[in-house]
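Notes for the structure review
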Amino acid sequence: MTDTTGTSPAALSELARSSVALMLRLQDDSGAFVASPTFSAYAGYCWFRDGAFIADAVSAAGEAESATRFFDWCARVVIDRADQIERIVAAAAAGTPLPDADMLPTRFTMDGGEGDDEWWDFQLDGYGTWMWAAAAHAQRHGLDIRRWARALDLTARYLVSSWRRPCFDWWEEHDERVHVSTLGCIVAGLEAGTDAGVLSERDATLAAVDGIRALMESDGRASGHLTKWIGTAEVDGSLAAIVAPLAVFPAGSPIGSATVDEVLASLEVGGGVYRFRADTYFGGGRWPLLSCFLGLALNARGDRAGALRLLEWSAGTADAAGDLPEQVTDLALDPGREEEWTRRWGPVARPLLWSHAMYVRLAVELGISAGVSA
Ligand code: BGC
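Since the model is a prediction, treat every value here as computed from it, not as a measurement.

1. A few points about the packing of helix α10 (residues 254-267) against helix α11 (residues 288-300)
Taken N-terminus to C-terminus, the directions of α10 and α11 make an angle of 135 degrees; their axes are 10 Å apart at the nearest point. Put simply, α10 runs oblique to α11. Considering only the axes of α10 and α11, their crossing is left-handed. Here Val260, Val263 and Leu264 of α10 lie close against α11, whose contacting residues are Leu294, Ala297 and Leu298. A breakdown of the residues in the contact of α10 with α11 according to their chemical character gives six nonpolar, no polar and no charged.

2. A word on the packing of aromatic side chains
As enumerated under the stated definition, the model contains 34 aromatic pairs in all. Where Phe70 meets Phe71, the ring centres are 5.6 Å apart and the plane angle is 65 degrees; that geometry is what we call edge-to-face. Taken as a pair, Phe70 and Phe71 share a single burial class, namely buried. Among the aromatic residues, those joined into a ring-pair cluster are Phe33, Phe48, Phe70, Phe71, Trp73, Phe108, Tyr127, Trp130, Trp148 and Tyr158. Across from the ring centre of Tyr45, 3.5 Å away, lies the NZ or CZ of Arg107, which sits over that ring.

3. Remarks on unusual backbone geometry
Note: most peptide bonds trans; most residues except glycine with negative phi. With an omega of 15 degrees, the peptide bond running from Ala244 to Pro245 counts as cis. Omega for the peptide link from Arg350 to Pro351 comes to 0 degrees, which places this bond in the cis form. Mapped onto the elements of the fold, Pro351 is located in the loop between α13 (338-345) and α14 (353-365). In this model, Ser223 sits at a positive phi of 45 degrees, which is unusual for a non-glycine residue. One can find Ser223 in the loop between β3 (221-222) and β4 (225-226). Given a relative accessible area of 75%, Ser223 falls into the exposed group. Positive phi is not limited to glycine here, since Ala247 has a value of about 55 degrees.

4. A few points about the packing of helix α5 (residues 125-141) against helix α6 (residues 149-162)
Packing of α5 against α6 brings their axes to within 10 Å, and their N-to-C directions diverge by 145 degrees. The chirality of how α5 crosses α6 is left-handed. Here α5 contributes Tyr127, Gly128, Trp130 and Met131 to the contact with α6, which in turn contributes Ala151, Leu152, Thr155, Ala156, Tyr158 and Leu159. Among the residues forming the contact of α5 with α6, the class breakdown is eight nonpolar, two polar and no charged.

5. Quick notes on the pattern of salt bridges
For side chains bearing opposite charge, pairing can occur when the charged atoms are close. Evaluated as defined, the whole model comprises 24 salt bridges. The partner of Arg69 in a salt bridge is Glu65, and the shortest N-O contact between them spans 3.4 Å. With Arg69 and Glu65 both in helix α3 (residues 64-79) and four residues apart, the pair spans about one turn of that helix. Judged by its relative accessible area of 56%, Glu65 falls in the exposed class. A salt bridge links Asp72 to Arg147; its shortest N-O distance comes to 2.7 Å. On the criterion of sequence distance, the pair formed by Asp72 in helix α3 and Arg147 in the loop between α5 and α6 is long-range, its members being 75 residues apart. Overall, Arg147 belongs to the exposed group, its relative accessible area being 54%. A network of salt bridges, in which partner residues are shared, links Asp56, Arg140, Arg361 and Glu365.

6. Some points on the state of the cysteines
Here the structure, examined in full by the defined rule, presents zero disulfides. Here Cys46 is not disulfide-linked; the sulfur of Cys74 is the nearest cysteine sulfur, at 6.7 Å. What makes Cys46 buried here is its relative accessible area of 0%. Classification of Cys74 as buried rests on a relative accessible area of 0%.

Cut-off values and rules
- Residues numbered from 1 in each chain as written.
- Predicted model: local features only at pLDDT ≥ 70, side-chain atom pairs only at ≥ 80, totals over all residues.
- Heavy atoms only, no water.
- Axes fitted to C-alpha atoms, helices over the stretch in contact; angles between N-to-C directions.
- Helix = DSSP H or I, 4+ residues; strand = E, 2+ residues; numbered from the N terminus.
- Parallel < 35°, antiparallel > 145°, perpendicular 65-115°, else oblique.
- Left-handed = near helix turned anticlockwise from the far one by under 90°.
- Contact = heavy atoms within 4.5 Å.
- Nonpolar A, V, L, I, M, F, W, Y, C, P; charged D, E, K, R; others polar.
- Phe/Tyr/Trp six-rings, centres within 6.5 Å; stacked < 30°, edge-to-face > 60°.
- Buried < 20%, exposed > 50% of the residue type's maximum accessible area, 1.4 Å probe, protein only.
- Lys NZ or Arg CZ within 6 Å of the ring centre and 35° of its normal.
- Salt bridge = Lys/Arg side-chain N within 4 Å of Asp/Glu carboxyl O.
- Disulfide = S-S within 2.5 Å.

Listed below in structure tokens is the structure:
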């Protein structure tokens, strides 16, 4: 780890620029973004969660065509599964929901297939996040969102039918829980879809949004802040995203602000942000992408200096080649657990495109140039 406090604006900008170039270079011809080209468990796969935030970042950095190609890919993946979605929606409506194994997958091969490896597959958040990111992209660049109308509508009906179900969270854990970040991603997507006017079942969608928001506020909250899952007082670093950029509970709202305070107080150390206190994955280190989400939330409530501090810490996790890792383990919460993961999957993923994406997203928000031609 390098001490990057006070890192020059030119160095921060250069890392943003090389990060955009890296994401563009690693985008597959199909439009998909590989999560990490080198990490054994991620290579060859694209997640809706990672991909939506990557596309949002390249879109914010001015690379509109790359983002559009990603959302075209998402739309194809969803439309290819239209029959499956109709079965899921019909079964839910009949009161006989399909088992988790029959729900949509979390990650796909570059050609939109499902691959042969087992995964923790039932996760709902990425389906909300792609809707939100596609709408934000269309708005940012003045594009016609109707290009993705059918896929957005199918996705919305899938989410409206199934949002109450427990599923794996952002970290692919605890499928027995209803996760508050997951609910936030679903709200962001459904609201973006209704605002864009592309959903066929507007009233049902708005009713679902009301129901999800009510649940988050009643049972997904403790001491004023959002919680990791329904029925705990703990927080999770992913909750910063629900404040910014998703703005489901904006930074200026009491819930948004209390959530930022709690993530800072319990998960941020020296600019790095842990996923959650009980994390043991690679020993449970600090994740630059979470520092950048928290930075976006701080900046949204007017704390530019605080946001810059987190951006600088994230920049310091880059190696000599400018590649950002998934996490750094120097201050791991449970260091004894690192080796079992290294033995299983090799060293921590690097480069992780999602880390580069969040670095770029925060840099752009802070007015630091990320233009590839800059
Ligand atoms: C993380 C996920 C992520 C995936 C690919 C997993 O370790 O828990 O959030 O989507 O890696 O980057």
